[in-house]
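Architecture at a glance
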There are 2 protein chains.
Amino acid sequence: MSPARIEEHHSRGWIVPVGGAEEKEQDPVILRRFVEISGGAGARIAVIPTASRLADTGVRYEKIFRQLGAHSARALPFETRADAEREDWLGILEQATGVFFTGGNQLQLSTILGGTSVARSIRKLNARGVTVGGTSAGAAILSEHMIAFGQGGATPKAGLASLAPGFGLTNRVVIDQHFRQRDRLGRLLSVLAFNPFAVGIGLDEDTAAFLGPDDVMHVDGAGAITLVDVANLEHSSMAFAKPGQPICLTGIKLHILTKGARYNFVTREAVPPLPPPDDDD
Amino acid sequence: MSPARIEEHHSRGWIVPVGGAEEKEQDPVILRRFVEISGGAGARIAVIPTASRLADTGVRYEKIFRQLGAHSARALPFETRADAEREDWLGILEQATGVFFTGGNQLQLSTILGGTSVARSIRKLNARGVTVGGTSAGAAILSEHMIAFGQGGATPKAGLASLAPGFGLTNRVVIDQHFRQRDRLGRLLSVLAFNPFAVGIGLDEDTAAFLGPDDVMHVDGAGAITLVDVANLEHSSMAFAKPGQPICLTGIKLHILTKGARYNFVTREAVPPLPPPDDDD
């Protein structure tokens, strides 16, 4: 699906993909910032643990978000497609100022929630200003085209990764997570090689992209974001590559962005973080 | 990509996926109807033969469309991503009242034209009323999520088919072509099982779906359209299926639609063709 239409006098909410394994105890910078842009002390956070097979995932995030000062945090453990039409849970979702998808298996999110009232509601909430984010599988699901599964390795190859439809809060990006930890440049390039219209964002663990309503992305967390811009790609051999063959791609532009860096999706410009203060004197 | 926004006082143009191998000589009902809804005697048709590796594909369709009474028909043989920025050809495209993609390899369309001025222009043309259609690979490319490749067989299996981003004129459907001829129900079900938000349309050869500006589809041609509606899907096991394993899907609704039948994408209702005239008296 694609983004819902933004109503008059509204601006789109933040979209926050997190690369997985974000710091939760010592100094949870990413989750704290998520609470801030969801309304801080007034934040009502809906946690969707559907991707996870662990029973306590939802409760764990409820606790963290409350400790970080949110007004409320409530897990909505949708386990079946019938659950995704439960009016009581949809009512709680409708009141949220922030929605957070936990990690796990992104195909569990798409198979259980795709095409249901939950998926529709979240697109509409984001279009009228509500923050929506997620970690790992919960990050992958946010875009129109998501990587369903694939193998590691730096070289793009035909058949290395498979796409599936995500929830479509944005169609500007394809997201990959655990990026450096699982050596995923090859699979991100492979899916961009199909149709070079999107920007690839490869998120390291404990690293987040805060995609603002103004289409500027702010980087936060301990690792880096590998941003792959194929706007000026000159050639892709994907149409004729056989399974397992490497793909020829020319004209890729790459940015490695760390905490404090920004990227503007309209102008396609990257801005590095401010330099550290001068210690000379 | 997703559909361009429709401007005020405009309605979207027709979208016409054809299942491949459409009749071109004796009684070309599909191509004739394509000319009619592109303006008839005033039609200016742009033919895009980029999917094909045969040198004469574009010229062949130019001739057919002129014989069928179009005012003009012009092939625009984009072969590279640089071609897709040629101002002379983009100028001709901008004046078209109908755009037709030939068959071949849909990944050649997406890798050469994806993210270029041609893809953007065609989305905008369709949003302001211009008819856009294509046959075989040229049908697959029309939707937001397209089947890039896959195997035949009636049973849906994990890994049976791969998705890639198409040109996104519509996000209501996933299209498959040569449907009965290549036994493709399994692969269409496999991709719908990822995220059951779209309607699957499986087009037999010499069969077309005329998707109207009012979101009603009209069937024409010699074969049938297998329409797969997963709006009320109860369960999909895709999240846990291993490569090659069959997928469990419950609650699929199927319609087999022939010439004269209609399907309304808003109400999700199928209407059969009128019965033949009564011969009793």
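Bear in mind the structure is a predicted one, so any value in this text is a computation, not a measurement.

1. Observations regarding the packing of aromatic side chains
Aromatic ring pairs: the centre-centre distance and the angle between the two ring planes describe each pair. For the structure on display, the rule yields 16 aromatic pairs over all chains. Residues Phe 34 of chain B and Phe 65 of chain B carry aromatic rings whose centres are separated by 5.7 Å and whose planes lie at 40 degrees to one another, so their mutual orientation is tilted. Of this pair, Phe 34 of chain B sits in helix α1 (residues 29-36) while Phe 65 of chain B is found in helix α2 (residues 57-67), placing the two residues 31 residues apart along the sequence. What makes Phe 65 of chain B buried here is its relative accessible area of 0%. Consider the rings of Phe 101 of chain B and Phe 167 of chain B, whose centres lie 5.8 Å apart with planes at 55 degrees: the pair is tilted. Of this pair, Phe 101 of chain B sits in strand β4 (residues 98-101) while Phe 167 of chain B is found in the loop between β7 (161-165) and β8 (173-176), placing the two residues 66 residues apart along the sequence. Residue classification places Phe 167 of chain B among the buried residues on the basis of a relative accessible area of 3%. Of the aromatic side chains, those joined through ring pairs into one cluster are Phe 34, Tyr 61, Phe 65 and Phe 100 of chain A. We note Arg 53 of chain A situated over the ring of Phe 240 of chain B; from NZ or CZ to the ring centre the distance is 4.1 Å.

2. Describing the sheet that holds strand β3 (residues 72-75) of chain A
All names here are of chain A. Spatially, β3-β2-β4-β5-β1-β10-β11-β16-β17 is the arrangement adopted by the 9 strands of the open sheet, whose pairing is mixed. The outermost strands of the open sheet, each flanked by one partner alone, are β3 and β17 (269-271). On average, each strand axis in the sheet is inclined to that of its neighbour by 20 degrees, with strand direction left out of account. Pairing analysis gives 4 bridges linking strand β2 (residues 44-48) to β3, with the strands arranged parallel. Of the residues in β3, the one forming a bridge with Ala 46 is Arg 74. In this fold helix α1 (residues 29-36) packs onto β1 (15-18), β2, β4 (98-101), β5 (131-135), β10 (207-211) and β11 (216-221), with an angle of close to 135 degrees to the strand it touches most, β11.

3. Some remarks on the relation of the copies chain B and chain A
Mapping chain B onto chain A calls for a screw motion: a turn of 180 degrees about the axis and a shift of 0.0 Å along it, with 0.0 Å RMSD after fitting. Considering both components of the superposition, the chain copies are consistent with a two-fold axis. Identified as the residue of chain B closest to the rotation axis by C-alpha distance is Leu 163 of chain B, at 2.7 Å. A share of 100% of interface residues in chain B that are also interface residues in chain A marks the association as one of identical surfaces.

4. Remarks on the sheet that holds strand β10 (residues 207-211) of chain B
All names here are of chain B. Read from one edge to the other, the open sheet built from 9 strands follows the order β3-β2-β4-β5-β1-β10-β11-β16-β17, with strand pairing classed as mixed. Across the chains shown, the open sheet's two edge strands, defined by having one partner strand only, are β3 (72-75) and β17 (269-271). Neighbouring strand axes in the sheet, compared pairwise and without regard to direction, differ in orientation by 20 degrees on average. Two elements, β4 and strand β5 (residues 131-135), share 4 bridges in a ladder whose sense is parallel.

5. Considerations on the interface of chain B and chain A
Taken together, the 39 residues of chain B in the interface contact 39 residues of chain A. Roughly 3,100 Å² is buried in total at the junction of chain B and chain A, and carbon and sulfur atoms are behind 59% of that figure. Of all residues in chain B, Arg 81, Pro 165 and Phe 194 of chain B give up the largest surface area on contact with chain A, accounting jointly for 19% of the area buried on that side. In this structure, the connection of chain B to chain A is made through 0 salt bridges. There are 11 residue pairs in polar contact (both at pLDDT 80 or more) connecting chain B and chain A. When contributions to the side of chain B that touches chain A are tallied by element, the ones reaching two or more residues are α4 (106-113), β6 (145-150), β7, α7 (185-194) and β13 (235-236) of chain B. Per-class residue counts for the side of chain B that touches chain A are 20 nonpolar, 14 polar and 5 charged.

6. Let's talk about α1 of chain B
Those residues of α1 of chain B not exposed but buried are Ile 30, Leu 31, Phe 34 and Val 35 of chain B. Projected down its long axis, α1 of chain B carries its buried residues within an arc of 140 degrees, all on one side.

7. A word on the pattern of salt bridges
What the rule picks out here adds up to 27 salt bridges over all chains. Of the charged contacts, one joins Arg 12 of chain A and Asp 215 of chain A as a salt bridge, the two residues approaching to 3.4 Å between their closest N and O atoms. Highlighted residues: Arg 12 of chain A in the segment before β1 and Asp 215 of chain A in the loop between β10 and β11, separated in sequence by 203 residues. Summarising the burial analysis for this pair, Arg 12 of chain A and Asp 215 of chain A share the class buried. Residues Arg 128 of chain B and Glu 94 of chain B are paired through a salt bridge, measuring 3.5 Å at the closest nitrogen-oxygen approach. Of the two residues, Arg 128 of chain B sits in the loop between α5 (117-127) and β5 while Glu 94 of chain B sits in helix α3 (residues 87-94), which places them 34 residues apart along the sequence. By relative accessible area, Arg 128 of chain B is classed as partly exposed at 34%. Within the structure, one salt-bridge network assembled from shared partners comprises Arg 12, Arg 172 and Asp 215 of chain A.

8. Things to note about a nonpolar patch on the surface
On the surface, Ile 252, Leu 254 and Ile 256 of chain A cluster together into a nonpolar patch covering about 250 Å² of accessible area. Within the secondary structure layout, Ile 256 of chain A lies in strand β15 (residues 253-258).

9. Re the packing of α1 of chain B against α2 of chain B
Residues and elements named next belong to chain B. It is the contact of α1 with α2, at a shortest axis distance of 10 Å, that shows an interaxial angle of 70 degrees. When the interaxial angle is binned, α1 and α2 end up roughly perpendicular. Here Leu 31, Phe 34 and Val 35 of α1 come into contact with α2, specifically with Tyr 61, Ile 64 and Phe 65. Class assignment for the residues of the contact of α1 with α2 results in 6 nonpolar, no polar and no charged.

10. A look at the pairing of β7 of chain B
Residue and element names in this part refer to chain B. Across the 5 residues that make up β7, a large majority, 5, are buried. Side chains of β7 alternate between two faces, with Ala 161, Leu 163 and Pro 165 and Ser 162 and Ala 164 buried alike. Where β6 lies against β7, 5 bridges are found, and the strand directions are antiparallel. The residue of β7 that forms the bridge with Phe 149 is Ser 162.

11. Focus on the pairing of strand β11 (residues 216-221) of chain B
Residue and element names in this part refer to chain B. Counting buried positions over the 6 residues of β11 gives 5, a clear majority of the element. Two elements, β10 and β11, share 5 bridges in a ladder whose sense is antiparallel. Note that in β11 the partner of Ala 209 across the bridge is Val 219. If you look at the hairpin formed by β10 and β11, you'll find 4 residues sitting between the two strands, and Asp 215 has a positive phi there, around 65 degrees. With 3 bridges joining them, β11 and strand β16 (residues 262-264) adopt antiparallel strand pairing.

Calculation rules
Residues numbered from 1 in each chain as written. Chains lettered and ligands numbered in written order. Predicted model: local features only at pLDDT ≥ 70, side-chain atom pairs only at ≥ 80, totals over all residues. Heavy atoms only, no water. Phe/Tyr/Trp six-rings, centres within 6.5 Å; stacked < 30°, edge-to-face > 60°. Helix = DSSP H or I, 4+ residues; strand = E, 2+ residues; numbered from the N terminus. Buried < 20%, exposed > 50% of the residue type's maximum accessible area, 1.4 Å probe, protein only. Lys NZ or Arg CZ within 6 Å of the ring centre and 35° of its normal. Pairing = 2+ DSSP bridges. Axes fitted to C-alpha atoms, helices over the stretch in contact; angles between N-to-C directions. Contact = heavy atoms within 4.5 Å. Least-squares fit on C-alpha atoms with pLDDT ≥ 70 in both. Buried area = accessible area lost by both parts, 1.4 Å probe. Salt bridge = Lys/Arg side-chain N within 4 Å of Asp/Glu carboxyl O. Polar contact = N/O pair within 3.5 Å; in protein donor to acceptor, adjacent residues only side chain to side chain. Nonpolar A, V, L, I, M, F, W, Y, C, P; charged D, E, K, R; others polar. Arc of directions from axis to C-beta. Patch = residues over 30% accessible without salt bridge, like charges linked within 9 Å, V, L, I, M, F, W, Y side chains within 5 Å. Areas by Shrake-Rupley, 256 points an atom, 1.4 Å probe, with all protein chains shown as cover. Parallel < 35°, antiparallel > 145°, perpendicular 65-115°, else oblique.

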